[in-house]
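Chain residues, written in single-letter form:
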Amino acid sequence: MNDCYDVIVIGAGPAGYVAAIRAAQLGLAVACVDDWVTPEGEPALGGTCLNAGCIPSKVLLEASELYDKARHEFADYGVGVSGVGLDLPAMMARKDRVVGELTRGIAGLFEANGVRRIAGRGRLLAGRRIEVTAARSRETHTLEAGHVVLAAGSAPAQLAVAPLHGNLIVDSTGALAFDAVPGRLGIIGAGVIGLELGAVWRRLGAEVVLLEAQPEFLSMCDRQVAQEALRQYRRQGLDIRLGARVTACAVEGGRVGLRYEDGQGGHGETFDRLIVAVGRRPNSDGLCAPDAGLLIDGGGLVHVDEQCRTNLPGVYAIGDLVRGPMLAHKGSEEGIMVAERIAGRAARVNYDAIPSVIYTRPEIAWVGMSEQALKAADRPYRAGLFPFAANGRARALGETGGFIKVLADAGTDRLLGVHMIGPHGSELIANAVLALEFGASSEDLAATMFAHPTLSEALHEAALDAGGRAIHRVSNKKGTDFKSVPDSIYQRGRT
Ligand code: FAD
Ligand code: NAD
């Protein structure tokens, strides 16, 4: 085996495998070391995202939504079905099939691009050397690299008061592989994972109780979106309890007993299964030999600058291992950036235009600043809002809950944020990300033609509403004369 590479990447999740492929495309000799193994003991590429995160959760969200719709909604569309049944083993087998196809696809991409795949655990030593402990033989050997990219990702945060216990108290990985629908499911943490996995098991028939420590629901979201989400989730039967602090947890007789406190005092609950979903921790422990001198920030995050450079020359860190949202696409963009920079090219990540999505029904999606963040920054803005109830396509779909909100600078009209809750938010948000990336104004969106009938017309109308001139809703806003915003903005691309 070659022992010297231009680039060695540790971790083959969406940050690391993308960095490895891009670096190889740029003509560099690349190796990627990854220690993920499937429950069957086979090495698999793709990291958390493909094996136990984004992909399996979306497969189950999709399948459970179909099941729920077939049972409760098809009749409303004039579609009669009888004998709708749940085949959980088949649902899980499909999830595993999709995951396997995608992870093998990455192996194929590595091969096609000449990325050397090394199954094992990597550790950074001083002088950009990497010690690799092979997955199967446990033998160690040392590789050398011109550049190192640390992309070791993250793992579920543990809660001392509720330690994992077989298949009764599980983290997100366990909750993606239940062998039966729990009668009564408790979830600690009503964040992204709690809500997505809570939605899956609720649709499949579980009674779901979410215990959230914060008194505020979805604090990272625009307040109006969070309030609408809470209303809709509760209507769907998710029992969300805010300001709930778990104080004790015990397994007894095959069930989980739990105590928590909230503003009203102490309470007891018993669940068939409990999911702990209280955030994730970067995998920085043991990633680097102490004498290598890698700087680690609070919470175990590897210290990096805007270009993902660590304090060590030629050593980069990306993805969940470093500051910023723990999102697959954020890690992938950082992977491309560092590969380009290593190859001597200019590249950047626009951290102001990272889309976020919660894949519940309705979906929540946003990019840029929220209204409360703008207020806190004392930044004058104009807001436009359009409800899906007034959108023809949403009515045809039967998905009329929610809205799109557009926020623009009060002086320049430049878009500052777009927030939505409603159907296909995960796809619609791409329009807004593009607009922010290109520095568009709300008028640019308002002057753009969208096909009819589509959900994206709601984005158009929200932009029109920011100027007080939405067509399909009655606004009590005073119209804005766009000629009063600077000519440079009004004229860009529209002369
Ligand atoms: P990871 O994907 O964690 O990959 C790191 C890899 O490095 C792993 O294979 C790990 O085994 C390996 N590794 C660690 N240490 C070493 C070492 N010392 N040597 C060798 N290998 C090592 N994000 C989204 O954007 N959209 C979603 O819909 C979404 N859904 C999610 C659902 C769930 C249930 C979970 C848990 C997460 C979800 N995420 C989602 C988050 C997403 O999975 C992460 O942000 C993403 O995987 C981070 O990518 P990464 O490459 O930084 O790390
Ligand atoms: P999260 O930060 O989204 O939510 C964790 C929640 O647990 C928070 O609301 C927090 O207040 C609460 N919490 C923390 N300690 C608690 C305690 N002791 N008792 C009760 N509640 C407590 O984290 P997550 O849901 O675990 O997800 C982890 C990461 O994975 C997130 O950063 C997210 O970005 C990523 N992820 C993304 C997606 C997506 O993009 N759709 C999906 C899943 C996960």
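Residues numbered from 1 in each chain as written. Chains lettered and ligands numbered in written order. Predicted model: local features only at pLDDT ≥ 70, side-chain atom pairs only at ≥ 80, totals over all residues. Heavy atoms only, no water.

## Considering the packing of helix α1 (residues 16-25) against helix α4 (residues 88-113)
Note the following rule: Axes here mean lines fitted to C-alpha atoms, for a helix over just the part in contact, with angles spanning 0 to 180 degrees between N-to-C directions. Helix and strand labels come from DSSP, where a helix needs a run of H or I of at least four residues and a strand needs a run of E of at least two; each type is numbered from the N terminus. Here roughly perpendicular refers to angles of 65 to 115 degrees, roughly parallel to angles under 35, roughly antiparallel to angles over 145, and oblique to all remaining angles. Left-handed is the label given to a crossing in which the near helix is rotated counterclockwise from the far helix by less than a right angle, and right-handed is the label when the rotation is clockwise. Contact criterion: two residues are considered in contact whenever any of their non-hydrogen atoms come within 4.5 Å of each other. For this classification, the nonpolar set comprises Ala, Val, Leu, Ile, Met, Phe, Trp, Tyr, Cys and Pro, the charged set comprises Asp, Glu, Lys and Arg, and every other residue, Gly included, is treated as polar.
Axis separation between α1 and α4 bottoms out at 9 Å; the angle between their running directions is 20 degrees. Here α4 runs roughly parallel to α1, going by the angle between their axes. Of the two possible hands of crossing, α1 and α4 adopt the one that is left-handed. Counting all contacts with α1, which are made through Y17, A20, I21, A24 and Q25, the residues of α4 involved are I106, L109, F110 and N113. The class makeup of the residues in the contact of α1 with α4 is 7 nonpolar, 2 polar and no charged.

## A word on the site of ligand 1
Here is the rule: For each residue, the test is whether any non-hydrogen atom lies within 4 Å of the molecule or strand; if one does, the residue is near. Between N or O atoms, a polar contact is any pair within 3.5 Å; within protein, one atom must be a potential hydrogen donor and the other a potential acceptor, and residues adjacent in sequence are included only when both atoms are from side chains. A 1.4 Å probe and the Shrake-Rupley method give the accessible areas. Residues count as covered only by the protein chains that appear here.
Taken together, the neighbourhood of ligand 1 is formed by 37 residues, with D34, D35, T48, K58 and G122 sitting nearest. Residue S154 places a main-chain N or O atom 3.5 Å away from an oxygen atom belonging to ligand 1. One nitrogen or oxygen atom from the side chain of H329 is found 3.4 Å from an oxygen atom belonging to ligand 1. Relative to its free-state accessible area of 1,000 Å², ligand 1 is covered by the protein chains to the extent of 94%.

## A few points about the site of ligand 2
Residues in contact with ligand 2 amount to 19 residues; listed here are only the nearest, I193, E196, E212, G279 and V357. A distance of 2.8 Å separates an oxygen atom of ligand 2 from a polar backbone atom of I193. Interatomic distance of 3.2 Å between a backbone N/O atom of M326 and an oxygen atom of ligand 2. In the complex, the protein chains occlude 75% of the 840 Å² of accessible area that ligand 2 would expose alone. Residue contributions to the shell around ligand 2 peak at 3 residues, all from helix α6 (residues 192-203). Of the residues in the shell around ligand 2, the class split is 12 nonpolar, 4 polar and 3 charged.

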